[in-house]
Amino acid sequence: MARGKLRIYLGAAPGVGKTYAMLSEAHRRLERGTDCVVAFVEHHDRPRTEVMLHGLEQVPRRELDHRGAVFTEMDVDAVLARRPQVALVDELAHTNVPGSRNAKRWQDVEELLAAGVDVVSTVNIQHLESLGDVVESITGVRQQETVPDEFVRRTDQIELVDMSPEALRRRMAHGNVYKPDKVDAALSNYFRPGNLTALRELALLWVADRVDEYLQQYRSEHRVSAIWGSRERIVVGLTGGPEGRTLIRRAVRLAEKGAGGEVLAVYIARSDGLTAASPKELAVQRTLVEDLGGTFHHVVGDDIPAALLDFARGANATQIVLGSSRRKAWQYVFGPGVGATVARESGPDLDVHIVTHEEVAKGRGLPVARGARLGRARLLWGWLVGLAGPAVLTVLLTTVDLGLANDMLLFLSVTVAAALLGGLLPALASAALGSLLLNYFYTPPLHQWRIADPKNIVAIVIFVGVGLAVASVVDLAARRTQQAARLRAESEILSFLAGDVLRGESSLEALLERVRETFGMDSAALLERESDVAPWTCAGQAGAGKPVGRPEEADVDVPVGDRTALALTGRVLPAEDRRVLAAFAAQAVVVLDRRRLQEEADRARALAEGNRIRTALLAAVSHDLRTPLAGIKAAVSSLRSDDVEWSEEDEAELLESIEQGADRLDHLVGNLLDMSRLQTGTVTPIVREIDLDEVVPMALGGVPEDSVELDIPETLPMVAVDAGLLERSVANLVENAVKYSPDGERALVSASAMAERVEVRVVDRGRGVPDEAKERIFAPFQRYGDAPRGAGVGLGLAVARGFAEAMGGTLTAEDTPGGGLTMVLTLRAAGSRAGPLDTDVPGGAPAEPVPVRPERRAS
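Read on for an overview of the structure. (Residues numbered from 1 in each chain as written. Predicted model: local features only at pLDDT ≥ 70, side-chain atom pairs only at ≥ 80, totals over all residues. Heavy atoms only, no water.)

**Things to note about the pairing of strand β6 (residues 86–89)**
Logical step 1: Burial of β6 is two-sided: the residues Val 86 and Leu 88 facing one way and the residues Ala 87 and Val 89 facing the other way are all buried.
Logical step 2: By the bridge criterion, 4 bridges tie strand β2 (residues 36–40) to β6 in an arrangement that is parallel. When the sheet's bridge partners are listed, Val 38 is paired in β6 with Leu 88.
Logical step 3: Looking at chain direction, β6 and strand β7 (residues 118–124) are connected through 4 bridges and run parallel. Paired with Ala 87 across the strands is Val 119, a residue of β7.
Logical step 4: Handedness of the crossover joining β6 and β7 through helix α4 (residues 105–114) is recorded here as right-handed. (Buried < 20%, exposed > 50% of the residue type's maximum accessible area, 1.4 Å probe, protein only. Helix = DSSP H or I, 4+ residues; strand = E, 2+ residues; numbered from the N terminus. Pairing = 2+ DSSP bridges. Right-handed = clockwise from strand over helix to strand, strands pointing away.)

**Notes on the side chain of Thr 146**
Logical step 1: In this structure, Thr 146 sits in the loop between α5 (132–139) and α6 (149–153).
Logical step 2: Those residues within four positions of Thr 146 in sequence are excluded, and the remaining contacts are Ala 93, Lys 104, Trp 106, His 127 and Glu 129. (Contact = heavy atoms within 4.5 Å.)

**As for the sheet that holds β7**
Logical step 1: Judged by pairing direction, the sheet is parallel, and its 6 strands sit side by side in the order β3-β2-β6-β7-β1-β8 without closing on themselves. The sheet terminates laterally at β3 (57–58) and β8 (157–161), the two strands that pair on one side only.
Logical step 2: Where strand β1 (residues 6–11) lies against β8, 5 bridges are found, and the strand directions are parallel. Residue pairing across strands places Ile 8 opposite Ile 158, the latter belonging to β8.

**So, the packing of helix α14 (residues 376–397) against helix α15 (residues 404–422)**
Logical step 1: Relative to each other, α14 and α15 sit at 170°, their axes nearing to 7 Å. One way to sum up the angle between α14 and α15 is to call them roughly antiparallel. As α14 runs across α15, the sense of the crossing is right-handed. Side by side, α14 and α15 meet where Arg 378, Leu 379, Trp 381, Gly 382, Val 385, Gly 386, Gly 389, Pro 390, Leu 393, Thr 394 and Leu 397 of the first sit next to Asp 407, Leu 410, Phe 411, Val 414, Ala 417, Ala 418, Leu 420, Leu 421 and Gly 422 of the second.
Logical step 2: Classifying every residue of the contact of α14 with α15 by side-chain character gives 13 nonpolar, 5 polar and 2 charged. (Axes fitted to C-alpha atoms, helices over the stretch in contact; angles between N-to-C directions. Parallel < 35°, antiparallel > 145°, perpendicular 65-115°, else oblique. Left-handed = near helix turned anticlockwise from the far one by under 90°. Nonpolar A, V, L, I, M, F, W, Y, C, P; charged D, E, K, R; others polar.)

**As for the nonpolar core**
Logical step 1: Core analysis: the largest hydrophobic core is formed by 62 residues, its most contacted members being Leu 88, Leu 112, Ile 125, Val 147 and Phe 191.
Logical step 2: Looking at this core, the element that brings in the most residues is helix α9 (residues 193–221), giving 6 residues.
Logical step 3: Setting aside its immediate chain neighbours within four residues, Ile 125 contacts Leu 10, Gly 11, Ala 12, Leu 131, Leu 199, Leu 202, Ala 203 and Trp 206.
Logical step 4: Residues Ala 699, Ile 712, Phe 803 and Ala 829 belong to the second largest nonpolar core, which totals 43 residues. (Core = buried A, V, L, I, M, F, W, Y, C linked by side-chain atoms within 4.5 Å.)

**Brief notes about unusual backbone geometry**
Logical step 1: Within the chain, Asp 45 stands out as a residue other than glycine whose phi angle is a positive 60°.
Logical step 2: Along the chain, the position of Asp 45 falls in the loop between β2 and α2 (47–52).
Logical step 3: The backbone of Asp 706 shows a phi angle near 60°, a positive value even though the residue is not glycine.
Logical step 4: Relative to the assigned elements, Asp 706 resides in the loop between α21 (692–695) and β19 (708–711).
Logical step 5: What makes Asp 706 exposed here is its relative accessible area of 62%.

Next comes the structure, spelled out in structure tokens:
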């Protein structure tokens, strides 16, 4: 059975029109004769969306009873039995009610797709699993209902439903998204213009990246080598010269003219190292391009124009930026140069920009030693001089008689010239040919292949020996220069590598990507094992090639010790490259060790923080424990004394002081134990649905009567909390408010409902707390201002916030209008489908009705 196709309407925020667009698509398909049904669509009482449901067949939902309330979910079995061509499933990230077939709705969709049913669904960008931290940093709300990115990436079609923040806020203000009583709260919380703009950008970039992935996949599957200019990708060719900074800035300006432009700076080092690159200048240019949002690439290639074009085509670049040549006019005799060659061979789809700069025609200033390598042109000239030179010289000397000694010196000069140009082999050929010509034409007897005078034999032998010696010296110098040049290239690469590692800028994966890119491999992986008999595991990998399970399966493997190896696939590298590769492998192990040391340091830091808290705890409780204990002991000793006859009133007062001291100790020990549980992570809330008036009055037992005013409306929904933790949190907040309230002023405890949230506010009319200290007061062992030591150890607010977060709520501090401090405890309403303060709406606005208790008991 063919798998069904999935189409997703993606939005930046609730209310942009995802469900409306999905229903419009359903009506279009019905008109074309497609069997389309509504498996689950929630209109949220939005009239226009509800109207779009008319005329569409809806599969009956499944009713589920959960904690005394009835919920409806998509009936997967009914949809499979109906077997439509297309099913509409709204809110892909929704969490199903316990007792459902699957925990998540996207898992229900997976079943429909496996059964061959096409599905059209909706999701918001904040519900993608990988973006949880980003969305939380933008909105301050942690998303608990998420859908795996991998599931969304496998979607056959993704369509972005976009709307400007201003238009969405107008739509909300007109009541088209939420009911009027919820609009103000939504606009002032989740739907602020900054939030919407950031989420919109996130959605646009995410969709653009997915489209780019689809394009790359298509090009790979269809083996498209031509450049498709779907996005401006500009490659900057760097030589390591000072003009590189000008080229980078020009490329960045070009990229800014188009949406989503990218800049890729590439430095191509020849394998022999014959370049004019300055490592210091390259480091500066790399920092510059990264600061401007581009990426830096270091590759090796003997043919620089070909390597540059290969890199550009591999990156699907649209433009190449090169600097005008720094060569002087006479140097063009040796070739057109990199810029002209790249422009000639780039083809019609790759634009080449030649940028002028201050270094044009000033020359590269290469040291003489750098040009000593014997290239193809020098070899050709060497052979030409070595073979044709003696023949031409013989013709010239037949007209002039200079004597045998001079003739030998002239032939020797030709041999030396051949050695200087072409090295050893052309010099050998020149010496052999010259000695034969000297013997035949100039050594008696003439025109015969023999020598009559032994002295002439010595002269010819010396002639051949000098030629060979000169040729050997030239060849040795050329080889040494080539080796030195290659070592220079290796040192440049290693200097970049060492700089990255020392600065801590490269992760293990980034370093492996650098290895793969530098040597042109398909993949690079660092393998390790715990023992000699243990299996190999991958500590990190880069590249799209097939991963290897063992070093023996790789094309190149470099062991680092007995239990670590760097494995590369793609091609077999020459032996001289393994030296640099070994350095990369060693640095990869260093990066891996550093990462693990960092993890250990983080654990040690956590232990140190725990020790610090324990030390502070001992210092803080020393007085607060001794004071009530001393009072209790004094009262008990007084009551047991036989020397004093206590009246009933005195005994009652002493017993009351004992009771107060015991209560104070109980409260202090309770806070200490609670803080210890929070620090060790052993707080496990037992969440159930309760009424606030069942818990809040019980939390007032530790404060004097008539010191607190209670305002808990009867219309409040139930809350999903741990009753014990909530009581402790509220008790600490109330105690803090009463402590700092002026004499004669009562603290206020009120509650209100907003969307899927219920807020408990504890208000005092004290002197308040400045904004910069509002977060600091929630830290353990903090007493604000000049609070006396007897006022507590400073754990009450820390415990209250810890318990609130453990239940999925939040605790924040605000200024009380008119003076004072207000503690805002935000809790989840019972029956909300989201996690902690997380839904498809502002700060947790409802996606379905919140169950309200059917009756209220007298408080």
